[in-house]
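Each chain is listed here by its residues.
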Amino acid sequence: MGLLKHLRSRSRLEPNEPQGLTAYPQRSPPAPYRGRDQTQRLPEQVLEIIFAYVCPHSQDHSYEPSERSQIGDGCMLCDMRDLARCAQVCRKWYGVAQRLLYASVRIDAVHYCALEEQLAEKRKKGKHFRTKSAVIEPGEVPAVRLSLLCRTVREQDALAQQVLILKIPYMTRETAKGELARCVSALPNLRYVDLPDGFFTGDPSCLALRQELQARCPDIRKMSYRSGSEEALELLAHKHWQSIETLELSGLAIEPATLRIVLASLPTLHDLTLRDLPWLDDSIFQTSQGRLPDFPPLQLLRLEGCTSVTAQGLCYYLDAPRNRELLASLSLQSTGVTVQDLHVLLWKASQLQHLSVSEVVSKSLAIATAQLPPLTSISLRVLHFEITSSEDVHGLQKPAETYYAYLATSLHLNALPGLTTLFVRDPHFTELLILPPVAAPFAATVGSDSGSLRSKPSNLSGASSSRIHNTSSAGNAAAYGTGGGLGPPNLGAGALSRGGFNQTLEVFSKGLDELEWVFTSISPPSKTINGRDRAISSSTGGRPLSAYSAALGLGPQWAQGGFGGDARKSVIVGNGFGGFLAVPQEEVPRPPTSDGSHQIDGAGGTRWGSIGSQATAGSQGSRGSFLKPPPSISSFAGSTVSVASDRRESKHDLWR
């Protein structure tokens, strides 16, 4: 034994010391906080706001599919995991985080981060927490998550009571219809759920899902019916789904009387979309003296592909005070309502805030419309005026140009004083507003008398023309100062010379060959009064200016996030030599204008250098000139060195 003990190496008996401990000593972890937990003093409302930043998509309560609704730019699955870990901290956090986790449930197919690559490798190797042998395909992952959610809500009623929104990927709701039916059967307070396309067309494979949804979920808020689901639509008259707020009807073949009965059975309906219904005409809006219920009052009405609906029928609908005072948004696309009759609807809808008009025209505004009143509304805030010329029209002048000239004339007449956002399909529309107003043939004789509406040629019948001059528009007439309330305000050709355009307007323009909206901000001019820049009143004869422009010589490449998204803003600034330069707004601090001065808008805030701004007291050149005259050659003769040094030292010139 002694010999064996002697043969043992001393290095094997003593543990080896790790290398590098003396050179790089390990840092001890920070001592845990042992004081009082101050978060226990926070109210639950404050904790809910904090947790909303941890998981932003938990605040998504919209009735849009999962592929069209997304809050935040992070990874939804990772955010949900972080919120679930917050729920494990203490009892108080558990209750608040649990309500956010289950109020709006969203199932996503993949992680939108680097973690998805690691999980994909584990799935290929067969290492999964549910099984050790079978390999789960990436397409089956959301189906597995749906089955886990179904098991949770069926075992715990308290959690099932909290679920209001359920959003599922497209392929999952198309393939896992049975699992989705089992899940919604345990959610009594469900308001919205992503459903397969066959559910809206009467597909027999979705019959079990429809029965479960009708029997177990009476609080559904949004529903759609398409061609083939006429029988399912008639079931709404049997008083189920009484909480529907948004209804979409597309391509149905039913009687108009049945449609009015179904709509009258929904007491909370306020958003209605009627699409591809050629049989729908003006009779749907007329009263039937008690034999049928009236068309319900709505806040949002969309008409698409209803070619038989004209302005006369909408005037019948707006004659009722409750309809006129409630309607806030109107969308017209491929209908019988023409631009010539649009001013009648604007005048009748006294509370309209959003109007969308989309039309393909093949004829210009005729000479007979010389007395066409301008588009007049004091409540309109957002206008989509998307007029395009037909492809069959060949010529130097497109028919749509006359329609945009009519809109520009209405803006110069200050007939839309509350308008703040404008969408047009003409990339050169901003030039019509930046240039000095010119008397257009549409407004040359507008407002010659208070009854100009009754003398205009229109597609409306005589009875309808007389209906638009009623006392329901007395509020608008009083606001405009017309006094009589018999029609649009008295805006004649003299209003052009008075410079009526005095509002800040955001214009989003796009051509036919462009995919992104180009943003331009139009601001009223300013002048120096007592050493301060103030907005010129409408009586002094100013014209609008372009403060932010991406359309003047830059093209659509300066815009980003198209299709109505956030457009990239560029700034037109002076280069110091009478010209102008376009620079991105986010990268450059506020520079002075071309004459070295700073401008202040009408609200008192500083704004960027603008095209066409009038010269201040210390600037050179004529005050009435649109742009400053270019410097003479003699001025450069003795200052060549200084000019070159200024160009090198300038931080705002990104192109040199």
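The structure this text deals with has already been given above.
Quick caveat, the model's predicted, so the values are computed rather than measured.

Quick notes on the overall build of the protein
- Helix and strand counts for the protein come out as 25 helices and 20 strands.
- Counting all 656 residues of the protein, 45% fall into the buried class.
- For the protein, the share of sequence-separated contacts (at least 6 apart) that also reach a separation of at least 24 residues comes to 71%.

Regarding the nonpolar core
- Judged by nonpolar contacts, the single largest core of 111 residues is most densely connected at Leu166, Leu213, Met223, Tyr225, Phe385 and Phe429.
- Here this core gathers at least three residues from each of two domains, domain 1 (39–123 + 137–198) and domain 2 (338–438 + 501–525).
- Those residues in contact with Leu166, other than ones at most four positions away along the chain, are Val105, Leu149, Leu180, Cys183, Leu187, Leu190, Tyr192, Val193 and Asp194.

Focus: the pairing of strand E10 (residues 382–389)
- Most of E10 is tucked away: seven of the eight residues are buried.
- In this sheet, strand E11 (residues 421–424) lies alongside E10 in parallel orientation, the contact comprising four bridges. Counterpart to His384 in the pairing with E11 is Phe423.

Notes on unusual backbone geometry
- The phi angle at Ser334 is positive, at roughly 55°, despite the residue not being glycine.
- With a phi close to 60°, Asn414 is a non-glycine residue in the positive phi region.
- Locating Asn414 in the fold gives a position in the loop between helix H18 (399–412) and E11.

As for the sheet that holds strand E2 (residues 165–167)
- Pairing in this open sheet of three strands is parallel, and the strands run E1-E2-E3 from one edge to the other. The two strands at the open ends of the sheet, each matched to only one other strand, are strand E1 (104–106) and strand E3 (192–193).
- Bridging between E1 and E2 involves three bridges; their strand directions are parallel. Its bridge partner lying in E2, Ser104 is registered against Ile165.

Quick notes on the pattern of salt bridges
- Applying the stated criterion to the full structure yields 19 salt bridges.
- Of the charged contacts in the structure, one is a salt bridge between Arg68 and Glu64, with a shortest N-O distance of 3.2 Å.
- With a relative accessible area of 60%, Arg68 lands in the exposed category.
- Here the salt bridges do not stand alone but share partners, grouping Glu64, Arg68, Lys222 and Glu248 into one network.

Analysis parameters
Just so you know, the residues in each chain are numbered from 1, in the order the chain's sequence is written. Note on the predicted model: pLDDT of at least 70 is required for a residue's local features to be given, and 80 or more for side-chain atom pairs to be given and counted; whole-chain, interface and lining totals, by contrast, use all residues. Where side-chain values are given, they derive from all heavy atoms of the structure, hydrogens and water being excluded. The secondary structure listing takes helices from DSSP runs of H or I that are at least 4 residues long and strands from runs of E that are at least 2 residues long, numbered from the N terminus. Burial classes follow relative accessibility: with a 1.4 Å probe on protein chains only, a residue under 20% of its type's maximum area counts as buried, one over 50% as exposed, and anything between as partly exposed. Residue contacts are counted whenever heavy atoms from the two residues lie within 4.5 Å of one another. Residues grouped as a nonpolar core are buried Ala, Val, Leu, Ile, Met, Phe, Trp, Tyr and Cys residues, joined through side-chain atoms within 4.5 Å. Each domain's limits were defined by an automated method or a database of domain assignments. Strands are labelled as partners when DSSP assigns at least two bridges between them. Salt-bridge detection follows one rule: a side-chain nitrogen of Lys or Arg within 4 Å of a carboxyl oxygen of Asp or Glu.

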